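This is what each chain is made of:
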Amino acid sequence: MSLTRRQLLQAGLASALLPGLDTASAAPAIAAADRPVRPYRIFMMLYRGETEVEKGFRSYLASRNIPVELIVRDVAQDIGKVPALIAEARALRADLVYTWGTPVTLAVAGARRAVDPAKNITDIPLVFTMVASPETANLVDSRQSSGRNITGASHVVPLDQQLGAIRAYRPLKKLAVIYNPAEPNSRLNVEELRAASVRGRFPLFEQPVPLDDKGQAVVAALPQLVENLSQRDPQLLYLGPDSFIGANCGVITETALKFRLPCFSATEIALRNGKALFGLVSRYEAVGRLTARMAEQILVKKMRPQDIPIETLARFSYLVNMSIAASLDVYPPLKVINYAEMI
């Protein structure tokens, strides 16, 4: 279930951030007589294939009667494929570029004040999704205005609310985190965790994933890293807003379960595709609809991306994986059962 501001407060969590997004009662954006000569051409660059985010993106555009041609390309976690896709988007004269995740968005748009028009897309409006911290990733000046030809949606629940969700389930005494140091948003997340551990007076055990000679995180190292952390006897393994961790959540959570180490996830994927115990998350499909609303503002309403604020969802979902709770014999307390969604 989605948690409203009042429910979050009742749960002892901080309040949600932004107004909700209600698309069910909205009138179609384009009447049949006002349709463009050809569908709007959206060039989509994905990090690890289609997700529920793209499902939400498609459904919003369909519900608004917006004619689109979606050209979907997947880099399959290989950012080296981006330059060829940029060339293809230009050759196809895309009306809008859609990017998924921080690594792809940085490769396509470039860091602010370090943009190379020959390598980065500057002349086509860009809308990003699933970027944890666009400011820290050096993509935008502020969430109010990117200051450039991009806008987008962030999916991360504020850390204080995540920690509140953890404490609602069980006392927070020792926390472990595994992360990809090559991702700027992951480094920021760990920095915030360090500060929170000082404030909350709980130990934080950190385990960065080693990088290969190309600067890529090494997947094969994950089982041993999880085992190393489990030996320090943390209460939880924290899985943050990290594209690499999300793409490899299966092996991480499977290994953690082997060592009876519960996982808390800041994103939905480790609960749906992995075996995390619980998390406070933004629904991927809802993030996709939010991103599509921004695409509508650019394509239909002819707004400049820099005039469209970067947003996060107003409502978050507290998810508990009951099969994992049973396997670990770590059941949620009654107060959590009253407002959480059991999956």
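Residues numbered from 1 in each chain as written. Predicted model: local features only at pLDDT ≥ 70, side-chain atom pairs only at ≥ 80, totals over all residues. Heavy atoms only, no water.

(A) Region of interest: the overall build of the protein. For the protein, the helix and strand inventory stands at 13 helices and 14 strands. Against the globule reference of 20 Å for 343 residues, the protein gives a C-alpha radius of gyration of 20 Å, in line with a compact fold. For the protein, the spread of C-alpha atoms along the principal axes amounts to about 60 × 50 × 30 Å. Within the span of the protein, comprising 343 residues, buried residues form 54% of the whole. When contacts within the protein are restricted to residue pairs at least 6 apart in sequence, long-range pairs at least 24 apart make up 74% of them. If you sum the accessible surface of the protein, you get close to 14,200 Å²; carbon and sulfur atoms cover 50% of it. (Helix = DSSP H or I, 4+ residues; strand = E, 2+ residues; numbered from the N terminus. Rg over C-alpha atoms; globule rule 2.2 N^0.38 Å. Buried < 20%, exposed > 50% of the residue type's maximum accessible area, 1.4 Å probe, protein only. Contact = heavy atoms within 4.5 Å. Areas by Shrake-Rupley, 256 points an atom, 1.4 Å probe, with all protein chains shown as cover.)

(B) Main features of the confidence of the model for the protein. Considering every residue of the protein, the mean pLDDT works out to 90; 90% of them sit at 70 or more. In the model, residues 4-25 has pLDDT below 50 throughout and makes 37 contacts with residues more than four positions away in sequence or in other chains. (pLDDT = per-residue confidence, 0-100.)

(C) Spotlight on the environment of alanine 29. One can find alanine 29 in the loop between helix H1 (5-10) and strand E2 (40-46). Judged by relative accessible area, which is 25%, alanine 29 ranks as partly exposed. Sequence separation between alanine 29 and lysine 301 is 272 residues; the distance between their C-alpha atoms is 9.1 Å. If we ignore the near neighbours within four places in the chain, the residues touching alanine 29 are Arg64, Ile66, Glu296 and Val300.

(D) The arrangement of the packing of helix H2 (residues 52-63) against helix H11 (residues 284-299) in detail. The interhelical angle for the contact between H2 and H11, taken along N-to-C directions, is 45°, at an axis separation of 6 Å. The orientation of H2 relative to H11 falls into the category oblique. Judged by the twist between their axes, the crossing of H2 over H11 is right-handed. Residues Glu52, Val53, Lys55, Gly56, Phe57, Ser59, Tyr60 and Leu61 of H2 touch H11, and the partners they reach there are Tyr284, Glu285, Gly288, Arg289, Thr291, Ala292, Arg293, Ala295 and Glu296. A class-by-class count of the residues in the contact of H2 with H11 yields seven nonpolar, four polar and six charged. (Axes fitted to C-alpha atoms, helices over the stretch in contact; angles between N-to-C directions. Parallel < 35°, antiparallel > 145°, perpendicular 65-115°, else oblique. Left-handed = near helix turned anticlockwise from the far one by under 90°. Nonpolar A, V, L, I, M, F, W, Y, C, P; charged D, E, K, R; others polar.)

(E) Summary view of the pattern of salt bridges. Going through the model one piece at a time under the given rule, you end up with 21 salt bridges. Across the pair lysine 55 and glutamate 52 runs a salt bridge whose closest N-O atoms are separated by 3.8 Å. Residue lysine 55 and its partner glutamate 52 are located together in helix H2, separated by three residues, close to a single helical turn. Residue glutamate 52 is classed as partly exposed on the basis of its relative accessible area of 37%. Where arginine 73 meets glutamate 88, a salt bridge forms, and the shortest distance between an N and an O atom there is 2.6 Å. Of the two residues, arginine 73 is situated in strand E3 (residues 68-74) and glutamate 88 in helix H3 (residues 82-91); the sequence distance between them amounts to 15 residues. Overall, arginine 73 belongs to the partly exposed group, its relative accessible area being 29%. Using a relative accessible area of 24% as the deciding quantity, one classes glutamate 88 as partly exposed. Linked by salt bridges that have partners in common, Glu268, Arg272, Arg283 and Glu341 make up one network. (Salt bridge = Lys/Arg side-chain N within 4 Å of Asp/Glu carboxyl O.)

(F) Fine view of the sheet that holds E2. Reading across from one edge, E3-E2-E4-E5-E6-E12 is the order of the six strands in this open sheet, with parallel pairing throughout. Looking at strand neighbours, the two that pair on one side only are E3 and strand E12 (311-312), the edges of this open sheet. With seven bridges joining them, E2 and E3 adopt parallel strand pairing. For isoleucine 42, the partnering residue across the bridge sits in E3 and is leucine 70. Sitting on the sheet, helix H4 (residues 102-109) is in contact with E2, strand E4 (96-100), strand E5 (126-129) and strand E6 (150-154), with an inclination near 145° to E4. The sheet contacts of H11 involve E2, E4, E5, E6 and E12, and relative to E6 the element is tilted by about 160°. (Pairing = 2+ DSSP bridges.)

(G) Structural context of helix H5 (residues 159-169). Of all 11 residues in H5, nine are buried, a share of seventy percent or more. Three or more residues of H5 are buried, namely Leu159, Gln161, Gln162, Leu163, Gly164, Ala165, Ile166, Ala168 and Tyr169.

(H) How the structure looks around the packing of aromatic side chains. Across all of its chains, the model carries six aromatic pairs by this definition. Between the aromatic rings of phenylalanine 278 and tyrosine 318, the centroid separation amounts to 6.1 Å while the plane-to-plane angle is 25°, which identifies the pairing as stacked. Taken as a pair, phenylalanine 278 in strand E11 (residues 278-281) and tyrosine 318 in strand E13 (residues 316-320) lie far apart in primary sequence, 40 residues in all. In this structure phenylalanine 278 comes out as buried when scored by relative accessible area, which is 0%. Pairwise contacts between aromatic rings join Tyr169, Tyr238, Phe264, Phe278, Tyr318 and Tyr339 into one cluster. (Phe/Tyr/Trp six-rings, centres within 6.5 Å; stacked < 30°, edge-to-face > 60°.)

(I) Up close: the pairing of E5. Judged by which residues are buried, E5 turns out to be covered on both faces: Leu126 and Phe128 on one side and Val127 and Thr129 on the other are all buried. Pairing geometry for E4 and E5, over four bridges, is parallel. Along E5, the bridge assignment pairs threonine 99 with phenylalanine 128. Chirality of the crossover, the property in question, places the unit of E4, H4 and E5 among those that are right-handed. Here E5 runs beside E6; their pairing, made up of three bridges, is parallel. Paired with valine 127 across the bridge in E6 is threonine 151. (Right-handed = clockwise from strand over helix to strand, strands pointing away.)

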